[in-house]
Structures are given as C-alpha cells and as structure tokens.
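# Fold and geometry: a report
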Amino acid sequence: MSLNTNILSNFTIETAIDPHPLTVSPDILLTEAIYYLSQPKKQQNMEVDSVIESNQGIDLKSRSSCLLVVENNQLLGILTERDIVRLIAEKVQVEDVKIKDVMTNKLITIVDSQIQDIYTIINYFQEHKIRHLPVLSETKELLGLITSTSLCNSLKLFDLLKHREIEEVMNTHVIHSSPNSYVLTLTEQMAKYRVSCIVIVYSDQQQILHPVGIVTEKDIVQFQALGLNFSQFKASDIMSTPLSTLRPVDSLWQAHQKMQNLRVRRLVVCDNNGKMLGIITQSSLLQNLNPVDICGVIHTLRQEMQELQTEKIETLHRNNSRLEEQVQRLQESVNKLEQRNYEISTINQMIEFLQACEKIEDAHEFLREFLKKLFPEFSSSVLLKDERNGKLKSVSYYGNLADSETLIEFSDCWALRRGQSHIASNAQPGLFCDHVDQEYEPTTTICIPLLNQDQIWGLFYLRTEFPEKISHHQKHFAHTVAGQISLALYNLKLREKLRNDSIRDALTGLFNRRYLDESLKQEIIKAKRNQQPLSVIMVDVDHFKQFNDIYGHDVGDMVLRELGRFLQQKVRGYDIACRYGGEEMTLILINTPLGIAKQRAENICSEVRELSLKNQGKILQSITVSLGVACFPLHGSTKEEIIQRADKALYRAKKAGRNRVILYQLEQ
C-alpha cells in the first residue's frame, strides 16, 4: 500500500514561487509601469471593443498583477493593480509621476529559510491580508514572488476543497453597479471598498439583481494604458460578458478548477434563476484553508493510521520495525495538526472576544485565560504604554511574575530599545532584560514589541522555567499571537477614544453638551419611574472674561481644565459632570434631594476659593464660582424646565454679588 505519511510537509513550495517576477527600476514613469501591467505592445492601440473581447480568455500567467521595484537586486517597493486603481480614483495625474513616488515601500516579505510548509505561506496571506508575498534570501536579495493565483494553482494536489460547498464560504456582500455607471465611478467604488472587481447587474421588476458582466482591477489598468477617458465610458461599454457563474451547491474544488480552466481569479455565484447570491475569489479559497479543513485532513490521516495498524498486524513478522516507524511519524503528524488546529481555534476565539469588548479594561480577565491556554508552560504579561509617564503597565498577566515584570521602564527592555523581538536564555544570562526577575531562575524569555505604524505602544512578554528548548514554531507562534493582540487591542483603544471624543469635552475632560441633553432626559425618566429626586447644579466662573484679559486665553483654558478636574472629583461615580458652554459647567446629581444638593454646592463654592492655581511657577489670583440649584420634581418635570430654572438661580447668584449658591424658588 502506498501512503503519503506527511501530506503537508511534502508540498513543494517552489511550484508556487514565480522566480522571474516583473521587476522595474525606481525611476521609471508611472505611465510605463501601467503599460507593463497591461496588454503587450502589439495590442497597445486596440479599440475598446477588441480589448474587451480579448479579455475574456486572457492567460493570467502572462499578465502580472504587480510590479516589484528593485535596485541592485534589493527589493525597494511594490506597485499593484489596486494601487493604480486607487490613484485613478483619486484623480492623480500619472504622466509625470515616477513609480518610486507612489509605490508601497513598507512590504510584507518572507525569507526562504522561514518557509516550513504551505500553512506558513497561507498564514502570511491571511494574517497580513495580502495578495503578493516577495521571497527573499538571507541577504535580502529577491528570489521570487508568491501570489494568491500561483498559490491556488499549486494546491491542485491537495484534497482539502472537495467536501465544502460554495455557499458556506462565499461573500454575500457583493459590490455591484448598473450598466449605466461610468467607469470612473466604478474605479472610485473599487478604491473605497478595497475590492478587486465590480459586478455589473440589472434589477428586474421584483428588485432582484441579475449579473450581466464584471469589471476588474486588471481591466482598469488595461484601459488606463490605452489612455481612455473614464468619465466618458460606461460599464456597459467595457464590462466582460457573458459571465461564467457557479451554483451555491458546487464544491470549492469545482470553483478552483473552473478558475484555473477559465484563467480568472473570481466567479459570481447565482441560483438556478440567475439571481446573484454572492462571489467567490482565489483569496476566499485560501482563507478557508482553516482549522475546519485541517480537521478533514486529520480525519483522513487517522483513517490511514488505522489501515497501517491493521497491515502491521498482518505483516508483523516481516515489516514490524518499518511499520512502527511509519505509525510513529504519522502520529506525530496528527499531533502536530491537532495542536495547530487548537492554537488557531483559540486565537480566533480570543479575537472574537476582543472585538466584542467596549474598552480595554473589559479584556483583562479573559485575555489572561486565553494566554494560559496558548502558552501553558510560560508566565506571560501584556503591557501597554502609559502616555503620561512613558512606562509600560501590565493590563493582563498570569504566572509567577514580579512587580518589575508588570511595570516596565522603557530602557529596561532590549526589545523596546531595539524595536524588535528579543529572546534570551540562561545559556547567556547577561542577555536577559533588566526587568526580568532572575530569582525565579528563568531558562528563556521572549519580549515582543507591540507595534502600530512602526510606533511601539506595548509589549508581549513570555518567561518559562522549563528546561526544554523553545521550538522554532513556538517562537513564530508567539509573534503571531503578539500581532493579533496588538491589532485587536489597538482597534479597541481607537474605538474607545472615538467614543470618548464623541461625548467628552476636549478641553476639560467633562461630558459635552450633547451628552448632557441626552443623559439628563434619560435620568429624569428613571427618577420619575423610581419616584426619586434629581438635582441640577449650574456652575459659572466669576469674572472669567476679566481673568482672560489679565492672563490670556491659554491660562484661562488651564483654569477651566483644573476646574473640570476638580468637579470630577466632587461627584459620585454615577453622577454626571458636564461642560455646558464657555466657563459654565453643569452637575447632575442622581437620587439627590434639594437640601443635600445645596450642601454639596456650598462645599464646591467654598473649596473653589481655596484652589491654588499656578502658571509657570507663579501663583494666580484665586477664582470664585456662582452656583444655581434646581431639583426634580420640585422645580419642574422636564429636562428643559430643570436646566432653565437652575440657570435662573445661577443668574440670581451672579446678580446678588457672585461667589454664592442660590436655590431656585417657584415664585421667581
């Protein structure tokens, strides 16, 4: 019986590498670059109709989807069809632009020695969301290029796609347009949604979409090379038609074969009535080589292992030693695949939890639990940079970590200082970072900076006391986890910042007027339902204009910031402090009767007089505030009434000489 005992590692990655990618120098004009990505010279002057006709059966292997910018065999950058579409959509005049001015120079590359198996490559494509992966030597010389097309073509020996249907993985959100849309509009849609094609559809009387053609990035590059005016041609003039489509019940293997036979990179999915249901691309095929597919391989390998065991019994007297070795290798392959499947599934689950959080504090507990599962033999910590003091503070950790490993000075970590990962072991203890507590006698530590746009904003730290040597896979896996955590936490931080920016006043840090209007309305509804009082205090800085005239607006802003910080400290966690406008602040005191609100207002009034304000070391004159107080339901039943009457009380306080508290009285 013939048996492939290592189906993954026997994959020859050279079949997916183009050793002669299309390369250009950095000084060529963008117009020349577009020409290289378009039709051959002999077809340069073709009419639009002939270009469209020839596009139906074009050989993708003869047309590159990108240009690599190389000088002295050193890779400098890349220009893809998507880049050209974006430039056209932005109406960039390409005639006098050189390729070095518009190329992408921050590249995702891979060194040939790092390629372990096909999943190394697929992980790169999935993790970085790329379609082109240059392969470099140890000396950074260009060896070739892997694309999603070449990778899909090289997968023909793998039986991973036969048992999954298209409807399981197709993208149902298809960017489409009508035949009457102008090509420039299609280009802008491609750039906006970062897609490689626009499906051209018509809508019948039931508003059902039927695909009639397609326009791709390759088409746009080709027509740009011909010098066409995109604002004059419509989609119906240039679209590729008729379309070859798939059914949702077809297998991924059928989609893969059809793409190869037709030499296309994408296919539209329709039902039996021609209704558009979705689209599937070569990237979809690669993205779905996931743990589910791997489980199928594991199942097949287990079946083969059972067959081997049966054969071992039957032929034990002749080949016992050889079969035992095969079973052992096969079991190791199964164990390795199961471990990879477990790791990928855990990472995906961790990312889903992180994406569901509203703020970073929500992620602390479950992030620790996921890291325990991913690195059970390590102690670990995720640290983020505190912008106030520059230190890195742990937001999630587990294991035997000292204080020095959960609060790190930037200069104490070689990874932070060098801007790249740092691995140290007890074989060379002098290479341990200063923050490592060596009382626990670590055998190995891994420090990986968390980066965003080349800026260090955190650290992923691992430490183990187990004597076994850390494998290359564990090191690579730690980098993968660090990258996923960095991206998820940074997006979470960005969402939190955007949310705060929408409800916070930028100067004082208090809630803004819009948040005041909405929250006061809701709190009055709650107070009415629970039959509880609610008080509002309006606070205004006395003679603030005169203060600005004496010290200047910068000092005035500083005073408002200090007053905002002071008021935040004087309210309870569930009370609301807002900036009403200018130098006027508003406090919403939940479940607070008028008498208590008056006392708190008096305390604020007296304590503001005692505030010590300094500017550049000089003590400023003290400030005072006037305060007006109104209470629900005593002084009104609506948001507008309570605010208006607290403001009237404030006006009376200022009219009565300022620096005092006035309660609203119904006879006012």
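Thresholds applied
Throughout, a residue's number is its position along its own chain's written sequence, starting from 1. Per-residue local features are limited, in this predicted model, to residues with pLDDT of at least 70; the limit for side-chain atom pairs, both in listing and counting, is 80 or more; totals at the level of whole chains, interfaces and linings are taken over all residues. Side-chain numbers come from the whole structure's heavy atoms, not from hydrogens or water. Starting at the N terminus, helices and strands are each numbered in turn, a helix being any DSSP run of H or I of at least four residues and a strand any DSSP run of E of at least two. We call a residue buried when its accessible area falls under 20% of the maximum for its residue type, exposed when it is over 50%, and partly exposed in between, using a 1.4 Å probe and counting protein chains only. In what follows, a contact means two residues having at least one pair of non-hydrogen atoms within 4.5 Å. Computed by Shrake-Rupley with a 1.4 Å probe, the accessible areas treat only the displayed protein chains as cover when residues are assessed. Strands pair, by our definition, only if DSSP identifies at least two bridges between them. Simply put, an axis is a line fit to the C-alpha atoms, just over the touching stretch for a helix, and the angle between two N-to-C directions goes from 0 to 180 degrees. Definition of nonpolar core: a set of buried residues of the types Ala, Val, Leu, Ile, Met, Phe, Trp, Tyr and Cys, connected through side-chain atoms within 4.5 Å. A pairing counts as a salt bridge when a side-chain nitrogen of Lys or Arg comes within 4 Å of a carboxyl oxygen of Asp or Glu. Think of it this way: a Phe, Tyr or Trp ring, Trp meaning its six-membered ring, pairs with another when their centres are within 6.5 Å, and the plane angle makes it stacked under 30 degrees, edge-to-face over 60, tilted otherwise. If an angle is under 35 degrees, it is roughly parallel; if it is over 145, roughly antiparallel; if it lies from 65 to 115, roughly perpendicular; otherwise it is oblique. Throughout this entry, Asp, Glu, Lys and Arg are counted as charged residues, while Ala, Val, Leu, Ile, Met, Phe, Trp, Tyr, Cys and Pro are counted as nonpolar. The remaining residues, Gly among them, count as polar. Values of pLDDT, which run from 0 to 100, indicate the predictor's confidence residue by residue.

Another point: the overall build of the protein. Check the secondary structure of the protein and you find 22 helices and 26 strands. Relative to its 668 residues, the protein shows a buried fraction of 48%. Summarising the internal contacts of the protein: among those between residues at least 6 apart in sequence, 65% fall at separations of at least 24. For the protein, the computed accessible surface area is about 34,200 Å², with 47% contributed by carbon and sulfur atoms.

Mapped onto the elements of the fold, A577 is located in strand β21 (residues 576–581). Of the residues examined, A577 reaches a relative accessible area of 6% and is grouped as buried. Taking the C-alpha atoms as reference, A577 lies 8.4 Å from L516; in sequence the two are 61 residues apart. Leave out the neighbours within four places in its chain, and A577 touches L510, F511, V571, T586 and L587.

Spatial ordering of the open sheet is given by β21-β22-β20-β25-β26, a layout of five strands whose pairing is mixed. A single partner strand is all that each edge strand has here, and the edge strands are β21 and β26 (661–663). Shown here is a sheet whose adjacent strand axes are inclined to one another by a mean of 20 degrees, direction ignored. Relative to strand β22 (residues 584–590), strand β20 (residues 534–541) is paired through seven bridges, and the arrangement is antiparallel. Paired with S535 across the bridge in β22 is L589.

On to the nonpolar core. Counting residues in hydrophobic clusters, the biggest one holds 35 residues, and the most contacted among them are L30, I99, V215, I220 and F230. Counting only elements with at least two residues in this core, the list comes to α1 (30–36), β3 (66–71), α3 (81–89), α4 (99–102), α8 (183–193), β9 (197–203), α9 (217–225) and α10 (235–238). Setting aside residues no more than four positions away along its own chain, L30 makes contact with L79, L87, V94, V97, K98, I99 and V102. Listed in part, the 33 residues of the second largest apolar core include I347, I360, A363 and L371.

Right, let's get into the sheet that holds strand β18 (residues 444–452). Read from one edge to the other, the open sheet built from six strands follows the order β16-β15-β14-β19-β18-β17, with strand pairing classed as antiparallel. The strands lining the two open edges of the sheet, one partner per strand, are β16 (407–408) and β17 (422–425). Pairing geometry for strand β14 (residues 379–385) and strand β15 (residues 392–398), over six bridges, is antiparallel. By the bridge assignment for β15, K385 is matched with L392. Sheet strands touched by helix α15 (residues 364–374): β14, β15 and β19 (455–464). Its angle to β15, the strand with the most contacts, is close to 60 degrees.

Moving on: the pairing of β19. Burial within β19 is extensive, with nine of its ten residues counted as buried. Sheet analysis places β14 next to β19, joined by six bridges and oriented antiparallel. In the sheet register, L383 faces β19, and the bridge partner there is L459. As paired strands, β18 and β19 are joined by nine bridges and run antiparallel to one another. Residue pairing across strands places I448 opposite F460, the latter belonging to β19.

Where helix α5 (residues 118–128) is concerned, the buried positions are I118, Y119, T120, I121, I122, Y124 and F125. Trailing α5 by a residue or two, K129 shows a phi angle of about 55 degrees, which is positive.

Let us now look at the pattern of salt bridges. In total, this model carries 25 salt bridges according to the counting rule given. Between E409 and K391 there is a salt bridge, and its shortest N-O distance comes to 3.4 Å. Of this pair, E409 sits in the loop between β16 and α16 (414–418) while K391 sits in the loop between β14 and β15; the two residues are 18 residues apart in sequence, bridging distant segments of the chain. A relative accessible area of 36% means that E409 is categorised as partly exposed. Of the charged contacts, one joins K526 and E523 as a salt bridge, the two residues approaching to 3.7 Å between their closest N and O atoms. A residue pair is termed a helical-turn pair when its members lie 3 or 4 positions apart in one helix, as K526 and E523 do in helix α18 (residues 513–530) at three residues. Here E523 falls in the buried class, since its relative accessible area comes to 15%. Where salt bridges share partners, they join E81, K218 and R265 into one cluster.

For the rest of this paragraph, the subject is unusual backbone geometry. In this structure, the amide linkage connecting T241 to the following residue, P242, adopts the cis form with an omega of 0 degrees. Inspection of the secondary structure puts P242 in the loop between α10 and β11 (245–246). For the bond running from F632 to P633, omega is 5 degrees, close enough to zero to count as cis. Residue position: P633 is located in the loop between β25 (625–632) and α22 (639–655). For K129, which is not glycine, the phi dihedral falls at a positive 55 degrees.

Time to look at the packing of aromatic side chains. In this structure the tally under the stated criterion is seven aromatic pairs. On the numbers, 5.5 Å between centres and 40 degrees between planes, the contact of F375 with F477 is tilted. Note that F375 is positioned in the loop between α15 and β14 and F477 in helix α17 (residues 472–503), a separation of 102 residues in sequence. What makes F375 buried here is its relative accessible area of 5%.

Among the structural elements, S396 can be located in strand β15. Classification of S396 as buried rests on a relative accessible area of 2%.

Right, let's get into the packing of α18 against α22. In a pair of packed helices, the angle between the axes and the distance between the axes together describe the arrangement. Taken N-terminus to C-terminus, the directions of α18 and α22 make an angle of 110 degrees; their axes are 9 Å apart at the nearest point. Classed by the angle they form, the pair α18 and α22 counts as roughly perpendicular. The residues of α22 that touch α18, namely those facing D517, L520, K521 and I524, are K639, I642 and I643. Grouping the constituent residues of the contact of α18 with α22 by class yields four nonpolar, no polar and three charged.

Attention now moves to the confidence of the model for the protein. The pLDDT averaged across the protein works out to 83; a share of 90% of its residues lies at or above 70. A low-confidence stretch, residues 1–11 (pLDDT under 50), is modelled with 20 contacts involving residues beyond four sequence positions or located in other chains. In the model, residues 41–61 has pLDDT below 50 throughout and makes 38 contacts with residues more than four positions away in sequence or in other chains.

For strand β10 (residues 209–216), the buried fraction is high: six of the eight residues fall into the buried class. Pairing geometry for β9 and β10, over seven bridges, is antiparallel. Bridging across to β10, I200 finds its partner in G213. Counting the residues that bridge the hairpin from β9 to β10 gives five residues, and of these Q207 lies at a positive phi of roughly 60 degrees.

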